[in-house]
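Structural description and commentary
Here's the letter readout for the chains.
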Amino acid sequence: MRKSISIFSYGLNEKKNIRRFIRWSTKFAKNFSNDFEIIFIDDGSTDKSYETLIELKKKNKKIKIYKNNKNMGTAYCFKRGLKLAKKNFILNQMADLCYNVNNFKKYKKDLFNKKIDFLHGYRKNFLFRRSDNFYKSLVSTCNYILIGCLYGFKTRDFQNSYLVNKKLLKNINLYSKTSFVNAELFLKLYKKNVIFKEVEISFKKRLHGVSKGTSFSRIIESIFEIIKFKIYYKKFFLN
């Protein structure tokens, strides 16, 4: 198997985080393989994020930039990132680097040797230190409990970073239009009975900007989708 990796992210008005994200991604990717690409989807930013990316691309040809004409949201960008990734392994990471996934490096040989199909990060702390503040941590914990109870999957976490073999994504269709898309991918991979490794990661507070994913309206939309997918479970999980 060719040892190559795509690291992708997306963001709205993340200008102050982009340089740091590119530095980290380049360092992580080089530790994994010399054959890599860094994909960033600008989700309709108005703060010169795109211009910053263009500037960085002139110095780093591994960077691939895509821009949405308007803000499309998490689910659209996540699905687009998976489709754009061309390398054998794919890592999704947040633009603010809120997930410390450096522990993933320990398992690259097992991934290359097909002993593990994908890595799944989990945040060790239940409720506390799962997000930027107590409110967001509470939302994250309730979301985890709801998904676990409805779907009956025994895993330590949902909705963070994965490092996955691209071949596993063949014939997987993702339907979610909210942040549930991340968990939807995990659930569908889980149903394939692939070999996965839960790897402890930690949550790191963002240094710049504001998280956009926990507004009340978006939380309600996500909860509605989690329940809807359960009702139509067979339809959504047959492919």
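Cut-offs and rules
Residues numbered from 1 in each chain as written. Predicted model: local features only at pLDDT ≥ 70, side-chain atom pairs only at ≥ 80, totals over all residues. Heavy atoms only, no water. Phe/Tyr/Trp six-rings, centres within 6.5 Å; stacked < 30°, edge-to-face > 60°. Helix = DSSP H or I, 4+ residues; strand = E, 2+ residues; numbered from the N terminus. Buried < 20%, exposed > 50% of the residue type's maximum accessible area, 1.4 Å probe, protein only. Lys NZ or Arg CZ within 6 Å of the ring centre and 35° of its normal.

**A look at the packing of aromatic side chains**
- With the rule as written, the count across this model stands at 16 aromatic pairs.
- Taking 5.0 Å as the distance between ring centres and 70° as the angle between the ring planes, the aromatic pair formed by Phe 32 and Phe 112 counts as edge-to-face. In this pair, Phe 32 sits in helix α1 (residues 15–32) while Phe 112 sits in helix α4 (residues 108–112), placing the two residues 80 residues apart along the sequence. Just as Phe 32 is buried, Phe 112 falls in that class too.
- Sitting above the plane of the Phe 36 ring, Lys 62 keeps its charged end 4.9 Å from the centroid.
- Sitting above the plane of the Tyr 151 ring, Lys 230 keeps its charged end 5.7 Å from the centroid.

**Considering unusual backbone geometry**
- The phi torsion at Asn 13 lies on the positive side, around 55°, for a residue other than glycine.
- Tracing the chain through its elements places Asn 13 in the loop between β1 (4–11) and α1.
- The residue Lys 48 is not glycine, and still its phi comes out positive at about 75°.
- Within the secondary structure, Lys 48 sits in the loop between β2 (35–42) and α2 (49–59).

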